[in-house]
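# Working through the structure, step by step
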Amino acid sequence: MHITLIAGSNRHHAISTSILRYIENLLKSNNIPVSFIDLAAVQLPLFSPDSEVVPKEAEPLITSVEQADGIILGTPEYHGSISGTLKNALDYLDNRHVAGKPFLTVSSAGGPLGVSSLLHLQSIIRNLHGIHCPEWISVGEGQSIFDPNGLPQDKEILGRIAQAVEQFIALVKKLGHDSKHSEKVMMET
Ligand SMILES: Cc1cc2nc3c(=O)[nH]c(=O)nc-3n(C[C@H](O)[C@H](O)[C@H](O)COP(=O)(O)O)c2cc1C
């Protein structure tokens, strides 16, 4: 099993990125191999369908998603949607890289919750033929879950994050098994 995490905030010390780093550590401490793509560190060129070659900066993203059994996306809530940074990265992907793969989504908002961005991500994932986990994770203002050193503080929120990750990993295992060991089913009409 291999999980790819994509942090979609173009901000240093972003809360959504800290949550993804926390999840990365959870997965690693359970011996689950991960790749981490921080879009604040890897600045991707603006996607253009006119480009005939994939820019070299986008190659690790595409390869990592292709090789992943499950994908975790993090975004800040921007104007009731996802960040332009994450949307630009997702535009480099298509169904060939993603179809049938489970996703977990994480948002950070200035308001109490960032559900609009999560709904928009759910729609993007459906259009890429990915499968969203029944759980998602959103933290809002006032839920100061990390201390200034980036270490987790609020045990209840961290417990909910761990539960969502557990459900996601259960789904990755189920779908990984089904897609690798089942024959394609043809419907009789
Ligand atoms: C351009 C912009 C638009 C924003 N729009 C919203 C919004 O619609 N709703 C909201 O709750 N917070 C909004 N915020 C606040 C961010 O969601 C909040 O600061 C969040 O914690 C940033 O996440 P990050 O730390 O992971 O980058 C906005 C911030 C920026 C810079």
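Scroll up to find the structure.
Right, let's walk through the structure included here. Keep in mind it's a predicted model, so treat the numbers as computed, not measured.

Let us now look at the site of the ligand. Every one of the 14 residues lining the ligand counts as a neighbour, but Ser9, Arg11, Ser16, Glu77 and Gly111 are closest to it. Here His79 contributes a backbone N or O atom positioned 2.8 Å from a nitrogen atom of the ligand. In this structure, Ser108 approaches the ligand through a side-chain N or O atom, which is 2.8 Å from an oxygen atom. For the ligand, whose unbound accessible area comes to 650 Å², protein coverage reaches 68%. Each residue belonging to the shell around the ligand can be placed in one class, and the counts come to five nonpolar, seven polar and two charged.

Inspection of the entire model under this criterion finds two aromatic pairs. Arranged with centres 6.4 Å apart and planes meeting at 70°, the rings of Tyr22 and Phe146 form a pair that is edge-to-face. In this pair, Tyr22 sits in helix H1 (residues 15-29) while Phe146 sits in the loop between strand S6 (137-139) and helix H6 (155-181), placing the two residues 124 residues apart along the sequence. This pair shows no difference in class: Tyr22 is buried, exactly as Phe146 is. Aromatic side chains Phe47 and Tyr92 sit 5.1 Å apart centroid to centroid with 85° between the ring planes, which places their arrangement in the edge-to-face category.

Side chains that differ in sign of charge can pair as their charged atoms come close. Taken as a whole, this structure holds five salt bridges when the rule is applied. Residues Glu24 and Lys28 are paired through a salt bridge, measuring 3.5 Å at the closest nitrogen-oxygen approach. One end of the pair is Glu24 and the other is Lys28, both in helix H1 and four residues apart, which spans about a single turn. Its relative accessible area of 8% is what places Glu24 among the buried residues.

A separate point is the layout of surface pockets. Roughly 280 Å³ of internal volume is contained in the largest pocket. Residue lining of the largest pocket: 18 residues in total, with His13, Ile15, Ser18, Phe146 and Asp147 positioned closest to the centre. Tallied by class, the residues present in the lining of the largest pocket amount to six nonpolar, 10 polar and two charged. If you add up the space inside the second largest pocket, you get close to 220 Å³. Lining the second largest pocket are 13 residues, with Glu135, Trp136, Ile137, Arg160 and Ala164 sitting closest to its centre. Secondary-structure elements contributing two or more residues to the lining of the second largest pocket are S6 and H6. At seven residues, H6 tops the list of elements feeding residues into the lining of the second largest pocket. Grouping the constituent residues of the lining of the second largest pocket by class yields seven nonpolar, three polar and three charged.

The rules we used
Residues numbered from 1 in each chain as written. Predicted model: local features only at pLDDT ≥ 70, side-chain atom pairs only at ≥ 80, totals over all residues. Heavy atoms only, no water. Near = heavy atom within 4 Å. Polar contact = N/O pair within 3.5 Å; in protein donor to acceptor, adjacent residues only side chain to side chain. Areas by Shrake-Rupley, 256 points an atom, 1.4 Å probe, with all protein chains shown as cover. Nonpolar A, V, L, I, M, F, W, Y, C, P; charged D, E, K, R; others polar. Phe/Tyr/Trp six-rings, centres within 6.5 Å; stacked < 30°, edge-to-face > 60°. Helix = DSSP H or I, 4+ residues; strand = E, 2+ residues; numbered from the N terminus. Buried < 20%, exposed > 50% of the residue type's maximum accessible area, 1.4 Å probe, protein only. Salt bridge = Lys/Arg side-chain N within 4 Å of Asp/Glu carboxyl O. 1 Å grid on protein atoms, 1.4 Å probe; cavity = no way out; pocket = protein on both sides within 12 Å on 5 of 7 lines; lining within 4 Å. Points joined across faces, edges and corners; volume = space filled by probe spheres on them.

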